[in-house]
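Architecture and fold: a report
Here's the letter readout for the chains.
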Amino acid sequence: MNKEILDGLKQEGLKAIYPKGTKISVQMGTCGRASGADEIYRMLEKELKDSSIILKKTGCLGLCEREPMLNVFIPGQNPVVYVDLKPKIVAELLPFWKKGETPEKNSLMQLNGKEFQTNKKGLKNAPGIKKYNEIPFYKNQQKIVLGNCGFIDPDNIAEYVARGGFSVLYDILTNKKPEDVIDTVDSSGLRGRGGGGFPAGKKWRTCRNVPAKTRYVICNADEGDPGAYMDRTIIEGDPFRVLEGMIIGAYAVGSSNGYIYVRAEYPQAVETLKRSINILRENSLLGKHIFGSDFSFDIQINKGGGAFVCGESTALMASIEGKVGEPRTKHIHTVVSGLHDCPTVLNNVETWGNVPAIFSMGVNNYTKMGTKGSKGTKVFSVVGNVMNNGLVEVPMGMSLNEIVNDVAGGVPEGKKLKAVQTGGPSGGCIPVALMDTPVDFDELTKLGSMMGSGGLIVMDENSCMVEVARYFLSFLVEESCGKCTPCREGNYQLLKILERLTKGEARSDDMETLEELCHTIQNASLCALGKSAPSPVLSTIKYFRKEYEEHIHDKKCNAGVCKALFEYEISTENCTGCKLCLKNCPYEAITGKKDEVHIIHKDKCTKCGICFDVCTFDAVMKV
Amino acid sequence: MGKEELVKVTIDDQAIKVPKGTTLLKAAKKLGIDIPTLCFHESLPPQGSCRLCVVEITDKTGKWTWIDASCVYPASEGLSVKTNSPSVVKHRKTIIELLLSKAPNAEILLNLAEKYGASKTRYTAIDQGESNCILCALCVRTCNEIIGSHAIGTAERGVHKKVISPFNIAGDNCIGCTACIHVCPTGAIKSKIGKESFEIEDWGVNLKMATCSSCKKPFATAVHLEKLKSQVNLKNQLWEMCPECRRSANKVGTSYSPII
Amino acid sequence: MSILKPILDMHPPTSGSLIAVLQDVQDEYNYLSEVNLKEVAVGLGVPLQQVYSVATFYNAFSLKPKGIHVIQVCLGTACHLKGASQLNEELHHNIDIKAGEVSEDGLFSVEGVRCLGCCSLAPAMRIGDITYGHIKLNKINKILNKYRS
């Protein structure tokens, strides 16, 4: 690989992104495929067999709620994005696309911003189609790390190069010393995006300064927080970006061996990475003498074994070494002695993804985004009781309110927003009263939560905060490695108390015991998993103490969630005797004749809630 | 070898200079301060897993104070440590109470409970049958890292974690050295030493005992002696004697050369 | 010659390969049998006690055979908010198994996974290569019957 070949790839890529003929690219991230994109792709493969239309796959544009989605590139015109697709609808639209037309039906927007131009000037507007910057979900986002996702073919290195890929690496290997690279990353203020928020530049510098023959760089793609799938989307949509970031980092710290640790539950991401690494090796962008320089570096993929604790750096490294994922004490940092006792830089997928952008944008432009203490952007997965479940990338400093209501469309079905949970099982719940908090590492920590990896769970008025705390704790109890007493025994006992609360069996000293236990677990646990386990409990007590007291003293769950604290009954006023609930009850707990009010037999009822869901007359009540 | 760098730390208002990197547990011991431990043993690298030995540490600037395990935390210049502050005592009490929920009859825990005012019934009891195992894993680490028999190991994780002999390998691998029994702080490993055999029923261990040629008492398992024989150079007849008779034989002045 | 030779040959014969080898064995044989664990111990020069420790630590490994169709129920936060625990209960009830069991006909087993990353489809589950989303409890039977026929 050299500059000439890179330039050649760029030209090739430009032609691939905006070919002379029509191109259809189907969004085939895991979530897209789970929604039905596979079927649509297969259908198009068949239909377009003898056509000149190019059929491609791309990653996810982030609006997962509206998948399956695809992009139609008619030459000379902005690409148009179609959503909510089913084979029937695609069959209807295909003839128009074949004619070079982009009808309004099922269209969401056209990709008109300059971020999609890619040297292609003079693209016309698609008639009658809304613009990218008119869509509330997209207009306030700032896509840096997600810039290529859902737009380019993730398996085609030429397209990545056409979008600027590897020109940063070329410049660095040709013109910059490793220390210069570290200086730049330092000045950018880049902080770890995996949750810790540790300054990346500082980490790299410390690693480089440890005298050693061998150093390692690792990409943490374990992404264990439930509800978070940013890293998976980045890998599936733009793997070369992450790899370029790692190669730059390896050069900066002086490493020739890298690892990507991907959780086993992401098979598509693993396959995507395998292909991308092979492509880079074939193009001499991994392996010996990258870009003809003295720098050699290669990457190995390690799959996780299904253990959340392996997202913790020392446990992750133990896992790469073939051991159980038990963390060790960190008074000797992994950056000094990590994998195989060598200095190791471990960074998250999104952190690596930011690295090329810092250089291509320049530090001045990069630092214009974000707040004083948190520069750049953050990718969030906004999920739960929200209109537009999906992935967004916003500048740090945007308020939670803006993200949840303006970007993600707010809480649906007319329900009220109650809280937002950030930071996964290590984080906390932020009540609606504090929604104006800007997303910033330090601001979120001040509230008793944390940035975390980016999972943002939106909860409406029907969420029980005691149950939410119990849920996170049950997760952590299952995922605890079991090495230290406070986490292994303490979190288990904490869970027992919360279970009692949700069953209306609280003891009078439970709150006191709970708080004392949380205090010891936070202070005395060995690793960050243990130490942060009480956070969901403590933050829900802080902001929703009343709910705890209702569960303890009144034995009531006003959100109607804790099964032991309510029963299902059929309203004599609303019931029309349609028998729908009866027919659907798997436990034969409902009896009743046609046109007569039905009855739920409480001894058989397991409160599965099917009757509540299927009744169209609002006749099933929680009392 | 150059001189080790000495650092000054203050423990419970007493200053001491120790080589940099000395654990706070060791440094405290030098001052005559005994910090309680469960998972610590001189012969093994410290784990920092039981967390009983936690202390309150303040850095040299005085700005940061935190809790950490003294058995692993290295001394550095200017650290100030409190081994019995109210918060340390509270944490120890909770840890003891948590362990008592699984091992309510372990003598060492009951003694600690008295000292720290801990209650046996604070937390929901976890039924382990008769076992007093507190998962310090000293037995596993001793068997694997020191003895090298690899007869036992841990299985599963979290609150399900336990010490077992998977597929009954202890039946084949255990040499009956009793090191595991020796290091266990709660006496959780139940064994039977009889005239003919040494048994750890839970792990399927049943080994033939060797009898002393002099006093005729059983003193070690035959397989343990075989292993030692292959590692240490001693006259054959000394292997057939129990330690006491061996020492007596030495006193009488028989021709025998020291082992080490 | 070990039956696991083809798998062992694909990895460096050191303890560092343990997890990767076990993953391949799990994929190939649907579970980790006693025989296979012993083969791995010998093949990599790792004490059996350590192999067992690793095999039982990670969720990805099963020491018992799984069903022909493993139903992975997502127990992630978004799915939890939308009724995943209900879904989990109903699946066990429909297949008539307790947690960790395989159905009598060997067809199904159910396991909880922590987040498939398809949160917009909550509650979600995966059977083989297919992810099912927005699952309504009264539609479970229909989905499972596809695999029964």
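Residues numbered from 1 in each chain as written. Chains lettered and ligands numbered in written order. Predicted model: local features only at pLDDT ≥ 70, side-chain atom pairs only at ≥ 80, totals over all residues. Heavy atoms only, no water.

1. Details of the overall build of chain B
So the rule is basically this: Secondary structure follows DSSP: runs of H or I at least 4 residues long count as helices, runs of E at least 2 residues long count as strands, and numbering of each begins at the N terminus. Residue exposure (1.4 Å probe, protein chains only): buried if accessible area is under 20% of the type maximum, exposed if over 50%, otherwise partly exposed. Contacts are assigned to residue pairs with any non-hydrogen atoms lying within 4.5 Å of each other.
If you tally the helices and strands in chain B, you get nine helices and 11 strands. Considered along the principal axes of its C-alpha atoms, chain B spans approximately 65 × 50 × 30 Å. Going through the 260 residues of chain B one by one, you find that 48% of them count as buried. Relative to all contacts within chain B whose residues are 6 or more apart in sequence, the contacts with residues 24 or more apart total 46%.

2. Brief notes about the side chain of Thr377 of chain A
Residue and element names in this part refer to chain A. Cut-off, in case you're wondering: Any pair of nitrogen or oxygen atoms within 3.5 Å is treated as a polar contact; in protein, a donor-acceptor pairing is required on top of that, and neighbouring residues in sequence qualify only through side-chain atoms on both sides.
By the secondary structure assignment, Thr377 is in strand 10 (residues 377-384). For Thr377, a relative accessible area of 0% gives the class buried. Polar contacts involving the side chain of Thr377 include one to the side chain of Glu393, which spans 2.7 Å. Not counting chain neighbours up to four residues away, the residues in contact with Thr377 comprise Gln142, Ile144, Arg193, Glu350, Asn354, Met369, Glu393, Val394, Pro395 and Met396.

3. Here's the deal with the interface of chain A and chain B
Where we set the bar: Here the quantity called buried area is the accessible surface, traced with a 1.4 Å probe, that two parts lose on coming together, added over both. The nonpolar class holds Ala, Val, Leu, Ile, Met, Phe, Trp, Tyr, Cys and Pro. Asp, Glu, Lys and Arg form the charged class, and all remaining residues, Gly among them, are polar.
Residue-level contacts link 31 residues of chain A with 30 residues of chain B. Each partner contributes to the roughly 2,700 Å² buried at the junction of chain A and chain B, and carbon and sulfur atoms together form 53% of this total. Counting across the chain A and chain B interface gives 18 residue pairs in polar contact (both at pLDDT 80 or more). Listed by contribution, the elements that provide at least two residues to the side of chain A that touches chain B are helix 17 (465-479), helix 18 (485-502) and helix 19 (510-524) of chain A. The element contributing the most residues to the side of chain A that touches chain B is helix 18 of chain A, with nine residues. Counted by class, the side of chain A that touches chain B contains nine nonpolar, 13 polar and nine charged residues.

4. As for the sheet that holds strand 2 (residues 108-113) of chain C
In a beta sheet, neighbouring strands are held together by backbone hydrogen bonds and run either parallel or antiparallel to one another. Residue and element names in this part refer to chain C. Note the threshold: Two strands are counted as paired when DSSP detects at least two bridges linking them. What counts as an axis is a line fitted to C-alpha atoms, over the stretch in contact for a helix, and the angles between N-to-C directions run from 0 to 180 degrees.
The strand order across the open sheet built from four strands is 2-1-3-4, with neighbouring strands paired in mixed fashion. Here the strands that pair on one side only, and so sit at the sheet edges, are strand 2 and strand 4 (130-132). Averaged over all pairs of adjacent strands, the angle between their axes in this sheet comes to 25°, without regard to strand direction. Inspection of the sheet shows strand 3 (residues 125-127) paired to strand 4 by three bridges, in the antiparallel sense.

5. Focus on the confidence of the model for chain C
For clarity, the cut-off: Each residue gets a pLDDT score, which is the predictor's confidence in that residue and runs from 0 to 100.
Confidence in the prediction for chain C averages 91 pLDDT; 99% of positions are at 70 or higher. Predicted as a complex, the structure gets a pTM of 0.93 and an ipTM equal to 0.93.

6. Examining the nonpolar core
As a reminder of what qualifies: For the purposes of this section, nonpolar cores are sets of buried Ala, Val, Leu, Ile, Met, Phe, Trp, Tyr and Cys residues that join through side-chain atoms within 4.5 Å.
Formed by 176 residues in total, the largest nonpolar core has its most connected members in Tyr138, Phe166 and Trp204 of chain A together with Ile71 of chain C. It is helix 10 (residues 239-253) of chain A that provides the largest number of residues to this core, a total of 10 residues. Leaving out residues up to four positions away in the same chain, Phe166 of chain A has contacts with Leu6, Ile157, Tyr160, Val161, Phe240, Glu244, Ile247, Leu280, Leu285 and Phe291 of chain A. In this structure, Phe308 and Cys484 of chain A together with Leu4 and Leu32 of chain C belong to the second largest nonpolar core, which totals 50 residues.

7. Re the pattern of salt bridges
Residues and elements named next belong to chain A. The line we're drawing: Salt bridge, as used here: a side-chain nitrogen of Lys or Arg that lies within 4 Å of a carboxyl oxygen of Asp or Glu.
Within this structure, the stated rule accounts for 49 salt bridges over all chains. Of the charged contacts in the structure, one is a salt bridge between Arg191 and Asp442, with a shortest N-O distance of 3.3 Å. Of this pair, Arg191 sits in the loop between helix 7 (178-188) and helix 8 (200-209) while Asp442 sits in helix 16 (residues 441-446), and the two are 251 residues apart along the sequence. Residue Arg191 is classed as buried on the basis of its relative accessible area of 17%. Between Glu489 and Arg488 there is a salt bridge, and its shortest N-O distance comes to 2.7 Å. In this structure Glu489 comes out as buried when scored by relative accessible area, which is 0%. Residue classification places Arg488 among the buried residues on the basis of a relative accessible area of 2%.

8. Regarding the side chain of Ser276 of chain A
Residue and element names in this part refer to chain A. Along the polypeptide, Ser276 turns up in helix 11 (residues 267-282). Ser276 sits in the buried class, given a relative accessible area of 0%. Once you skip the residues sitting within four places of it in the chain, Ser276 turns out to touch Pro239, Phe240 and Leu243.

9. Section: the domain arrangement of chain C
Put simply, the rule is: An automatic or database domain assignment supplies the start and end points of every domain.
According to the domain assignment, chain C consists of domain 1 (5-57) and domain 2 (69-148). Spacing between the C-alpha centres of domain 1 of chain C and domain 2 of chain C amounts to 29 Å.

10. Here we look at a negative patch on the surface
All names here are of chain C. Applicable threshold: Each patch is assembled from residues with relative accessible area greater than 30% and no salt bridge, linking like charges that lie within 9 Å and nonpolar side chains (Val, Leu, Ile, Met, Phe, Trp, Tyr) that lie within 5 Å. We get accessible surface area from the Shrake-Rupley algorithm with a probe of 1.4 Å; when it comes to residues, only the shown protein chains can shield them. For this count, His and the chain ends are skipped, Lys and Arg are scored as positive, and Asp and Glu as negative. Here the site of a charge means NZ on Lys, CZ on Arg, CG on Asp, or CD on Glu.
On the surface, Asp96, Glu101, Glu104 and Asp105 cluster together into a negatively charged patch. With respect to the element layout, Glu101 can be found in the loop between helix 6 (84-95) and strand 2. Judged by relative accessible area, Glu101 falls into the partly exposed class, the value being 34%.

11. Structural notes on empty space enclosed by the protein
Residue and element names in this part refer to chain B. Inclusion rule: Both cavities and pockets are sets of points on a 1 Å grid over the protein atoms alone; in a cavity a 1.4 Å probe fits but cannot get out, in a pocket the set is open with protein on both sides within 12 Å along at least five of seven lines, and lining residues sit with an atom within 4 Å of a point. Grid points are joined across faces, edges and corners, and a volume is the space filled by probe spheres set on the points.
Applying the stated criterion to the full structure yields four cavities of 30 Å³ or more. Here the largest cavity is characterised by a volume of approximately 140 Å³. Lining the largest cavity are 19 residues, with Cys143, Ala151, Cys174, Cys177 and Cys180 positioned closest to its centre. Those elements giving two or more residues to the lining of the largest cavity turn out to be helix 4 (138-147), helix 6 (179-183) and strand 9 (197-200). Here the lining of the largest cavity takes four residues from helix 4, the largest share from any one element. The class makeup of the residues in the lining of the largest cavity is 15 nonpolar, four polar and no charged.

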